[in-house]
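The primary structure of each chain is shown beneath.
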Amino acid sequence: MPSSSAQTEEEGEEEEDETFKWMAAKILEGVQTKRPELEAFDEKITFLNRVKNDISQMNTSVDIGWLRVNVNPLIKELHNTVTRWIDTYTSFLLDNTVK
């Protein structure tokens, strides 16, 4: 009996897979994917590098009246976020242009 249920599960998975392919084909019929030009990536990466440099030049503490605020954790997190976006754009380019 276990073998017949395994076959049913396998057949069910195959049926679901075929159904998914059929639905995806119907939904995506006539849909075209447009990739941005390399210049758009270059502009965005250049912009993000400028932002990264601006963040690096920020003061690590700010005085607000009598209160001194340590903004170093915020600067580090902004720097990390910008770096991740630069890596995302660069990885996309590497994965989709170099073969």
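First things first, this report covers the structure right here in the doc. (Residues numbered from 1 in each chain as written. Predicted model: local features only at pLDDT ≥ 70, side-chain atom pairs only at ≥ 80, totals over all residues. Heavy atoms only, no water.)

Moving on to the overall build of the chain. When helices and strands are counted, the chain shows three helices and two strands. Evaluated residue by residue, the chain yields a buried proportion of 9% over its 99 residues. A separation threshold of at least 6 residues defines the contact pool for the chain, and within that pool the share at least 24 residues apart is 55%. Of the roughly 8,800 Å² of accessible surface on the chain, 56% is carried by carbon and sulfur atoms. (Helix = DSSP H or I, 4+ residues; strand = E, 2+ residues; numbered from the N terminus. Buried < 20%, exposed > 50% of the residue type's maximum accessible area, 1.4 Å probe, protein only. Contact = heavy atoms within 4.5 Å. Areas by Shrake-Rupley, 256 points an atom, 1.4 Å probe, with all protein chains shown as cover.)

A word on the pairing of strand β1 (residues 61–64). Sheet topology note: the β1/strand β2 (residues 67–70) ladder contains four bridges and is antiparallel. Within β2, the position partnered with Ser61 by the bridge is Asn70. Linking β1 back to β2 in an antiparallel pair, the connection comprises two residues, with Gly65 at a positive phi of about 65 degrees. (Pairing = 2+ DSSP bridges.)

As a further point, take helix α3 (residues 72–97). Because the α-helix completes a turn every 3.6 residues, residues three or four places apart line up on one side. Taking 1.5 Å of rise per residue, 26 residues should cover 38 Å, and α3 covers 37 Å from first to last C-alpha, within 8% of that figure. Where α3 is concerned, the buried positions are Ile75, Val82, Ile86 and Leu93. Here the buried face of α3 lies against α2 (38–56). (Expected span 1.5 Å × (residues − 1).)

Next up on the list: the packing of aromatic side chains. Taken as a whole and judged by the stated rule, the model has three aromatic pairs. Arranged with centres 6.0 Å apart and planes meeting at 75 degrees, the rings of Phe41 and Tyr89 form a pair that is edge-to-face. You can see Phe41 sitting in helix α2 and its partner Tyr89 sitting in helix α3, a full 48 residues away along the chain. (Phe/Tyr/Trp six-rings, centres within 6.5 Å; stacked < 30°, edge-to-face > 60°.)

Applying the stated rule across the entire model yields three salt bridges. For the salt bridge of Lys21 with Asp17, the shortest nitrogen-to-oxygen distance reads 3.5 Å. Pair noted here: Lys21 and Asp17 are both in helix α1 (residues 2–27), with a separation of four residues, about one helical turn. The class for Lys21 is partly exposed, based on a relative accessible area of 47%. (Salt bridge = Lys/Arg side-chain N within 4 Å of Asp/Glu carboxyl O.)

It is worth spelling out the nonpolar core at this point. One finds Phe41, Ile45, Leu48, Ile55, Val71, Ile75, Val82, Ile86 and Leu93 forming the largest nonpolar core, which totals nine residues. Breaking this core down by element, the ones donating at least two residues are α2 and α3. If sequence neighbours within four positions are ignored, Ile75 has contacts with Ile55, Met58, Asn59 and Thr60. (Core = buried A, V, L, I, M, F, W, Y, C linked by side-chain atoms within 4.5 Å.)

Residues Glu37, Glu39, Asp42 and Glu43 make up a contiguous surface patch of negative charge. Secondary-structure assignment places Glu39 in helix α2. (Patch = residues over 30% accessible without salt bridge, like charges linked within 9 Å, V, L, I, M, F, W, Y side chains within 5 Å. Lys, Arg positive; Asp, Glu negative; His and termini not counted. Charge placed at Lys NZ, Arg CZ, Asp CG, Glu CD.)

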